[in-house]
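# Structural features, examined
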Amino acid sequence: SDVSLPPPLFGVYRELWTGLSSSAGNSLAALTNNTLNPKWPDGPDTNYTDVFVTCETETDSGMNYYGQRLRGFVVPPTNGTYTFWIASDDTSELFLSTDETPANARPIAWVNTYTNPRDWTHETNQQSAPIPLQAGHRYYLEALMQQGNGNDNLAARWQLPSGIIEEPLPALSSAGTHLIPYDGVD
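A few points on the structure. No experiment lies behind these values; they were computed from the predicted model shown.

Conventions we followed
Residues numbered from 1 in each chain as written. Predicted model: local features only at pLDDT ≥ 70, side-chain atom pairs only at ≥ 80, totals over all residues. Heavy atoms only, no water. Helix = DSSP H or I, 4+ residues; strand = E, 2+ residues; numbered from the N terminus. Rg over C-alpha atoms; globule rule 2.2 N^0.38 Å. Buried < 20%, exposed > 50% of the residue type's maximum accessible area, 1.4 Å probe, protein only. Areas by Shrake-Rupley, 256 points an atom, 1.4 Å probe, with all protein chains shown as cover. Lys, Arg positive; Asp, Glu negative; His and termini not counted. Charge placed at Lys NZ, Arg CZ, Asp CG, Glu CD. Pairing = 2+ DSSP bridges. Phe/Tyr/Trp six-rings, centres within 6.5 Å; stacked < 30°, edge-to-face > 60°. Lys NZ or Arg CZ within 6 Å of the ring centre and 35° of its normal. Salt bridge = Lys/Arg side-chain N within 4 Å of Asp/Glu carboxyl O.

Moving on, we get to the overall build of the chain. Along its length, the chain carries one helix and 11 strands. Secondary structure of the chain in N-to-C order comes out as β-α-β-β-β-β-β-β-β-β-β-β. Its C-alpha atoms give the chain a radius of gyration of 16 Å, near enough to 16 Å, the size a compact globule of 186 residues would have. Taking all 186 residues of the chain together, the buried fraction comes to 46%. Just so you have it, the chain exposes about 8700 Å², and 50% of that area is on carbon and sulfur atoms. Looking at the chain, you have 8 positive and 21 negative side-chain charges, and the mean spots of the two groups are 4 Å apart.

Our focus in this paragraph is the pairing of strand β5 (residues 92-96). Most of β5 sits inside the fold, with five of its five residues counted as buried. Burial of the side chains of β5 extends over both faces: S92, L94 and L96 are buried on one face and E93 and F95 on the other. By the bridge criterion, five bridges tie β5 to strand β6 (residues 106-111) in an arrangement that is antiparallel. The residue of β6 that forms the bridge with F95 is P107.

Let us now look at the packing of aromatic side chains. In total, this model carries six aromatic pairs according to the counting rule given. Ring geometry for F73 against Y182: centres 5.2 Å apart, planes inclined by 75 degrees, an arrangement best described as edge-to-face. Placement of the pair is F73 in strand β3 (residues 66-75) and Y182 in the segment after β11 (178-181), with a sequence separation of 109 residues. The buried category is assigned to F73, whose relative accessible area is 4%. Here a set of aromatic residues connected by ring pairs shows up, and it is made of F73, Y140 and Y182. If you follow R138 out to its NZ or CZ, it ends over the ring of F73, 4.0 Å from the centre. Sitting above the plane of the W85 ring, R157 keeps its charged end 4.1 Å from the centroid.

Pairing is antiparallel in the open sheet, where four strands are placed in the order β7-β4-β9-β10. On the outer flanks of this sheet lie β7 (131-133) and β10 (165-166), each paired with one strand and no other. Bridging between strand β4 (residues 80-89) and β7 involves three bridges; their strand directions are antiparallel. From the neighbouring strand, G80 faces β7, where its bridge partner is L133.

Attention shifts here to unusual backbone geometry. Looking along the chain, the bond that leaves W40 and enters P41 is cis, with omega of -5 degrees. The topology assignment puts P41 in the loop between α1 (29-32) and β2 (50-52). In the segment running from D89 into D90, the intervening peptide bond is cis, with an omega of 10 degrees. One non-glycine residue, D60, lies in positive phi territory at about 50 degrees.

Attention now goes to the pattern of salt bridges. Taken as a whole and judged by the stated rule, the model has six salt bridges. Between R118 and E56 there is a salt bridge, with its nearest N and O atoms 2.7 Å apart. Of this pair, R118 sits in the loop between β6 and β7 while E56 sits in the loop between β2 and β3, and the two are 62 residues apart along the sequence. For R118, a relative accessible area of 35% gives the class partly exposed. Judged by its relative accessible area of 16%, E56 is buried. Of the charged contacts, one joins R157 and E167 as a salt bridge, the two residues approaching to 2.8 Å between their closest N and O atoms. Of this pair, R157 sits in strand β9 (residues 153-159) while E167 sits in the loop between β10 and β11; the two residues are 10 residues apart in sequence, bridging distant segments of the chain. Taking the relative accessible area as the measure of exposure, R157 reaches 11% and is therefore buried. The exposure class assigned to E167 is partly exposed, which follows from its relative accessible area of 35%.

Set out below in structure tokens:
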């Protein structure tokens, strides 16, 4: 492949941390607790840093004891109420900001144990409450996921005010959705 190609302009930015402690059990603390993972948040394994063109990463990668963070700005195509879902193996949490500021992000959906790929209804907490969003505004979106051992997956989707479900959440769609990667640098 040609390594001189620029990263995609649209999508989500993925960072991944390897070698997580198994002592945290099936918990995001394995990723985000600095005592358990001293490399959080500034020391991801750069071999896995990439921009994905949908809000979905590899399924059944064969890797164990890792965590990942997807970050981007979601730009709604129309004014109205949106619903989000997350699916993962193992645990995960989906955050959405009231604007483009990461500090304003709040958890809107999560997986407590694990789900199959794109299994959006395994736990009721995988689905967000309806969220009013404005067309053309950038909203910071973040997904955190940790993997123990065995199968793994991570994906998010949303439903537009029109009722259309985009699964997984795409970088660009015919409905007008845009995802813009966020790498922590303005």
